[in-house]
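These are the residues of each chain, in order.
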Amino acid sequence: MKISDIVLTALQSLNRTRSRSLLTILGIVIGIGAVIVMLSIGQGAQGLILNQVADLGSDLVFVEPSSGEAEGGPPSPFIEQTVNLDDEVAMERSGLFSSVSPSLYTTVPVIYQEFNTFTQVVGTDEEQTNIFPAEVALGRNLEAEDISGNARVVVLGKEIADDFFGASDPIGQRIKIKDLSFRVIGVFGEQGTRFFQNLDKQVFIPVTTMQNDILGVDYVNYLSAIVVSDIESTKEDLKILLRDSHDLDNPQGLAEKDDFLVSSQTDATKTVGTIGNVLTILLSSIAAISLLVGGIGIMNIMLVSVTERTREIGLRKAVGATNQEVLRQFLIEAILLTMLGGLIGVIGGVLISLGMGWIIQNFFLDSWTVVIPPSAILMSFLVATAIGLIFGYYPAKSAAKLNPIEALRYE
Amino acid sequence: MSKPLIHVQDLTKLYQNEEVTTSALQGVSFDIYPGEFVSIMGPSGSGKSTLMHILGFLDAFTSGTYLFNGIDVKGLGEVALAKMRLNEVGFVFQAFNLLQKSTVLENVLLPTTYTDHTQPERIKLAKQAIESVSMSHRMNHYSSQLSGGEKQRVAIARALVNNPSIVYADEPTGNLDSKTGEKVLELLADLNDSGHTIVMVTHEAEAAEYSKRILRFKDGLLQSDSQNGHQRRGGYSK
């Protein structure tokens, strides 16, 4: 018996129990569909973050406080704040960097006349725009004198400026940040989001004003810098520099003894990649469970089918089918079921992924890209086929083993 | 006479349970020649069904000799036996055993799917077989839509489709009323006239009337082997 005949026979048999076949493969459909959707969204998110990381440029380093844990741990809000403007000065003097800029965040009420909004205020300096390029649409950026003079001046993100002032000129207007009056000196052009923060809703003030007048602290959240030469050797030099200025005794350079963390775009890429891999393993495990359940469903229905079709099996043997041919027919029925399930699952998964991608692009993150990993589609088909093979074998074997005389007498 | 199609010598069949051994056939010997129409008769338990299963390569025998067309059946394995059923034998069952949700054509095509014929060849063979039992007008009907007599004719077409050397009919009229049964028997007689060798298991004397030769069995032994001098003729399809 040719393979094409077996496939045709199997298709005819499945067609005779159409609605049951479709219900049977639902488990596989959902399992495979879920894998595709989850992998698509996971990879989309990973791609988005990786793109933003890549946009930063490969010559950036960041210095943030660290409680001495292993490198790459998540920043904790309860961490001891050890990075300050003295570090910035030390870095600038070292000549290792072409630009160094601090960042210190808080979220407070920002008020202009009747407009009142709770938004993120960034304390920084004039060099921020060297590191994260931003176009000044109106007025001017922060300047060195604003920082040294503790000036109460503010540069607005585009959305805030539009909300507050509409078509009228904001330059020279006064707004209140945490009850203190600030003069608007500039407005940034549209910047979009970076790491899920809407830059157009932020306002930027001198870091010194932020430290002294708003928060009353002497630290900064992190320092960003552009390195002049090789990034890896500069990172090592920077660590030594910071250990000096922090009076740390750490000649071996153990990460757990440092109270700061130096990271770069490469580290961020690695971290994102690791998170992505963990996510993929997690999702794959969930998918594996649902596919296992689906496979057991297939085995169950194939066993029922063998029992129901005992006479048919007897007949097939009586007219000349070998055990092998009966085995193959039932095995191929099971495989066709799971492959059909896989196919519907892939189509459904791809459609849902495209739909969700469209929704995310249009309503949440316009920089989202829809990724449908071809490897996931291929894998889904292979897995679906394998499930048919594994869970179809036992029922097919029991069909092949039937004694034709008894099978023909079966009521 | 020519070489026998079936040569059986001292054939026995023992069924073994955990405790009891039952003897279904206790040593039977006979020959069947091409072109014969033989009835195997006997009460239930006489071993006639067992004999037919053995002759049809569905069951193994315990001892003795069974030569089919000169081939020693004893030495054949599972695949070889399946090939014998495929190429040499057509079965007609009491309960028809048609696939309910398949059409007449699909049912008759079933045995051809295990052959090496191409699909157009298969359809040609199936149509010829359906034509030979005068069921062409019902070709695309589902078997569940047919009457009992029609079902048995389709089953006969299915038995003929691979052009077998012999047709085994196991109580072919058992599920039919006497009038429909007669028509099926007439059909078998016609097929015999056109050259098919037929072996029919039956316990009805009227059915056996249609055959040329009657083998009577009792308690696993051949009681009598007689030519039927007053064979009822076919003429159904004429």
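Everything in this summary refers to the structure shown in the same document. If you're wondering where the values come from, they're calculated on a predicted model, not measured in any experiment.

**Observations concerning the interface of chain B and chain A**
With 24 residues of chain B in contact, the opposing surface of chain A contributes 21 residues. Taken together, the two surfaces of chain B and chain A that pack against each other cover about 2200 Å², and 58% of this comes from carbon and sulfur. Its largest share of buried area at the contact with chain A, chain B owes to Leu58, Asn97 and Tyr114 of chain B, together 27% of the area lost on that side. Our count for the contact surface shared by chain B and chain A stands at 2 salt bridges. Note that aspartate 5 of chain A and arginine 122 of chain B form a salt bridge whose closest N and O atoms lie 2.7 Å from each other. The tally of links from chain B across to chain A stands at 6 residue pairs in polar contact (both at pLDDT 80 or more). In terms of residue count, helix 2 (residues 78-88) of chain B provides more of the side of chain B that touches chain A than any other element does, 6 residues in total. In terms of residue class, the side of chain B that touches chain A is built from 11 nonpolar, 5 polar and 8 charged.

**Observations concerning the packing of aromatic side chains**
Residues and elements named next belong to chain A. In the structure shown here, the tally under the stated rule is 14 aromatic pairs over all chains. Here tyrosine 105 and tyrosine 222 contribute two aromatic rings whose centre-to-centre distance is 6.1 Å and whose plane-to-plane angle is 35 degrees, an arrangement assigned as tilted. Taken as a pair, tyrosine 105 in strand 2 (residues 97-112) and tyrosine 222 in strand 11 (residues 222-227) lie far apart in primary sequence, 117 residues in all. Note on tyrosine 105: relative accessible area 22%, which makes it partly exposed. Owing to a relative accessible area of 21%, tyrosine 222 belongs among the partly exposed residues under this scheme. An aromatic cluster is present here, built from Tyr112, Phe115, Phe164 and Phe165 joined pairwise through their rings.

**Regarding the environment of valine 100 of chain A**
Residues and elements named next belong to chain A. Its location among the elements puts valine 100 in strand 2. For valine 100, a relative accessible area of 1% gives the class buried. Spatially, the C-alpha atom of valine 100 lies 23 Å from that of asparagine 198, the residues being 98 residues apart in sequence.

**Focus: the nonpolar core**
Core analysis: the biggest nonpolar cluster contains 76 residues, and Ile6, Leu11, Phe30, Leu51, Tyr66, Phe68 and Tyr168 of chain B have the highest contact counts within it. Other than its neighbours up to four places away in sequence, leucine 51 of chain B contacts Leu11, Leu25, Val28, Phe30, Ile40 and Phe217 of chain B. Counting 39 residues, the second largest nonpolar core, distinct from the first, contains Val154, Ala161, Val184 and Ile205 of chain A.

**As for helix 2 of chain B**
The set of residues buried in helix 2 of chain B consists of Leu81, Ala82, Met84, Arg85, Leu86 and Glu88 of chain B. Residues of helix 2 of chain B that are buried sit in contact with helix 11 (310-318) of chain A together with strand 4 (63-68), strand 5 (71-72), strand 6 (89-92) and strand 7 (166-170) of chain B.

**Describing empty space enclosed by the protein**
Residue and element names in this part refer to chain A. A full pass over the atoms with the stated rule returns 5 cavities of 30 Å³ or more. Each pocket or cavity is described by its volume, and for the largest cavity that value is around 130 Å³. If you go around the largest cavity, you meet 15 residues; those closest to its centre are Gln128, Phe132, Gln191, Arg194 and Phe204. Going through the elements one at a time, strand 3 (115-124) and helix 5 (128-131) are the ones with two or more residues in the lining of the largest cavity. In terms of residue class, the lining of the largest cavity is built from 7 nonpolar, 6 polar and 2 charged. Lining the second largest cavity are Leu14, Thr17, Arg20, Ser21, Thr24, Ile301, Met302, Ser305, Arg309, Glu333 and Leu337.

**With respect to the sheet that holds strand 5 of chain B**
The strand order 2-1-4-5 (chain B) describes an open sheet built from 4 strands, whose pairing is antiparallel. The outermost strands of the open sheet, each flanked by one partner alone, are strand 2 (21-32) and strand 5 of chain B.

**Focus: the environment of serine 23 of chain B**
Residue and element names in this part refer to chain B. With respect to the helices and strands, serine 23 occurs in strand 2. Each C-alpha atom of the pair serine 23 and lysine 13 lies 6.0 Å from the other, and the pair is 10 residues apart in sequence. In this view, serine 23 contacts Lys13 and Leu14; residues no more than four positions away in its chain are not counted.

**Side note on the sheet that holds strand 6 of chain B**
Residues and elements named next belong to chain B. Across the sheet, 6 strands lie side by side as 6-7-8-3-9-10; this open sheet has mixed pairing. Every other strand in the sheet has two partners, leaving strand 6 and strand 10 (221-227) as the edge strands with one partner each. Direction aside, neighbouring strands of the sheet carry axes that sit 20 degrees apart on average. Where strand 9 (residues 213-218) meets strand 10, 6 bridges bridge the pair, whose relative direction is antiparallel. Note that in strand 10 the partner of leucine 215 across the bridge is aspartate 225. Together, strand 6 and strand 7 form the strand contacts of helix 5 (residues 148-160), whose direction differs from that of strand 6 by roughly 170 degrees.

Reading the values: the criteria
Residues numbered from 1 in each chain as written. Chains lettered and ligands numbered in written order. Predicted model: local features only at pLDDT ≥ 70, side-chain atom pairs only at ≥ 80, totals over all residues. Heavy atoms only, no water. Contact = heavy atoms within 4.5 Å. Buried area = accessible area lost by both parts, 1.4 Å probe. Salt bridge = Lys/Arg side-chain N within 4 Å of Asp/Glu carboxyl O. Polar contact = N/O pair within 3.5 Å; in protein donor to acceptor, adjacent residues only side chain to side chain. Helix = DSSP H or I, 4+ residues; strand = E, 2+ residues; numbered from the N terminus. Nonpolar A, V, L, I, M, F, W, Y, C, P; charged D, E, K, R; others polar. Phe/Tyr/Trp six-rings, centres within 6.5 Å; stacked < 30°, edge-to-face > 60°. Buried < 20%, exposed > 50% of the residue type's maximum accessible area, 1.4 Å probe, protein only. Core = buried A, V, L, I, M, F, W, Y, C linked by side-chain atoms within 4.5 Å. 1 Å grid on protein atoms, 1.4 Å probe; cavity = no way out; pocket = protein on both sides within 12 Å on 5 of 7 lines; lining within 4 Å. Points joined across faces, edges and corners; volume = space filled by probe spheres on them. Pairing = 2+ DSSP bridges. Axes fitted to C-alpha atoms, helices over the stretch in contact; angles between N-to-C directions.

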